[in-house]
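Each chain is listed here by its residues.
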Amino acid sequence: MLQLGGGGPGEVGFEKLLVLMFLFVSVVVWVVLITKGQRRIPTQSAKHVRGRRVFGGTKQYLPLRVNQAGVMPVIFASSLLMVPYFALNFLKNSVNWGWLNSLASSFERQGYIYNVMYIVLIYFFCYFWTAIQFNPKDMANNLKDYGSFIPGYRPGKRTADYLEKY
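Residues numbered from 1 in each chain as written. Predicted model: local features only at pLDDT ≥ 70, side-chain atom pairs only at ≥ 80, totals over all residues. Heavy atoms only, no water.

### Topic: the overall build of the chain
- Scanning the chain from terminus to terminus reveals seven helices and five strands.
- Here the C-alpha atoms of the chain give a radius of gyration of 26 Å, more than 25% beyond the 15 Å that 2.2 N^0.38 yields for 166 residues.
- Each principal axis of the C-alpha distribution contributes one length, and for the chain these read about 80 × 50 × 20 Å.
- Within the chain, the fraction of its 166 residues that count as buried is 21%. (Helix = DSSP H or I, 4+ residues; strand = E, 2+ residues; numbered from the N terminus. Rg over C-alpha atoms; globule rule 2.2 N^0.38 Å. Buried < 20%, exposed > 50% of the residue type's maximum accessible area, 1.4 Å probe, protein only.)

Structure representation (structure tokens):
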């Protein structure tokens, strides 16, 4: 039963419930904004004259996602952290060293070391996955091949350098 004020241990007060609901909604909104967010880089296509008609010359946007990697870094990091968990538990059962037991227990309870390694691996895999998926040289060459360009930047290497900065 909910009580105002907090109550005893194990009881959830109304204020705590409101704060938890607010935090839950704000985290969900933030995740959706980052997932759906995109950086729109303006592009322009070259004009083509065929007979008496002029084609092209339109302005479009090149949508670059803010979170290029999606959920893949989380999946890779959690699966990779299973290796030290199983290895440390195997070693803990084989030898009886104090430091090894405490290290293995930190992976069992998802302690401080586990959480720090999880965050570091998420950042690493986010960078790694984006570096694999997003190739600014290919994108610049595709823009050049289709007759599009980013205003203020020459097609080719300068466009690739510009895209690499973003």
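### A short note on the nonpolar core
- Within the largest apolar cluster, nine residues are counted, these being Ala77, Leu81, Leu88, Leu100, Ala104, Phe107, Tyr114, Leu121 and Phe125.
- Of all elements in the fold, only α4 (98–108) and α5 (112–133) reach the threshold of two or more residues within this core.
- Residues contacting Ala77, with those up to four places away along its chain left out, are Tyr118, Leu121, Ile122 and Phe125.
- Counting eight residues, the second-largest nonpolar core is a separate cluster that includes Ile41, Leu62, Ile150 and Leu163. (Core = buried A, V, L, I, M, F, W, Y, C linked by side-chain atoms within 4.5 Å. Contact = heavy atoms within 4.5 Å.)

### Focus on the packing of aromatic side chains
- Evaluation of the coordinates by the stated rule reveals seven aromatic pairs.
- Relative to Phe128, the ring of Phe124 has its centre 6.0 Å away and its plane inclined at 15°; by these criteria the two rings are stacked. With Phe124 and Phe128 both in helix α5 and four residues apart, the pair spans about one turn of that helix.
- Cluster of aromatic residues (ring-pair linked, three or more members): Phe76, Phe124, Phe125, Phe128 and Trp129. (Phe/Tyr/Trp six-rings, centres within 6.5 Å; stacked < 30°, edge-to-face > 60°.)

### Some words on the packing of helix α2 (residues 72–80) against helix α3 (residues 82–94)
- For the pair α2 and α3, interaxial distance at closest approach is 4 Å and the crossing angle is 10°. When the axes of α2 and α3 are compared, the pair comes out roughly parallel. Judged by residue contacts, Ser78, Ser79 and Leu80 of α2 engage Met82, Val83 and Pro84 from α3.
- Of the residues assigned to the contact of α2 with α3, the class counts are four nonpolar, two polar and no charged. (Axes fitted to C-alpha atoms, helices over the stretch in contact; angles between N-to-C directions. Parallel < 35°, antiparallel > 145°, perpendicular 65-115°, else oblique. Nonpolar A, V, L, I, M, F, W, Y, C, P; charged D, E, K, R; others polar.)

### Notes on the confidence of the model for the chain
- This prediction gives the chain a mean pLDDT of 84; 93% of its residues lie at or above 70.
- Highest mean pLDDT in the chain belongs to helix α1 (residues 14–36) (93); lowest belongs to strand β3 (residues 53–56) (74). (pLDDT = per-residue confidence, 0-100.)

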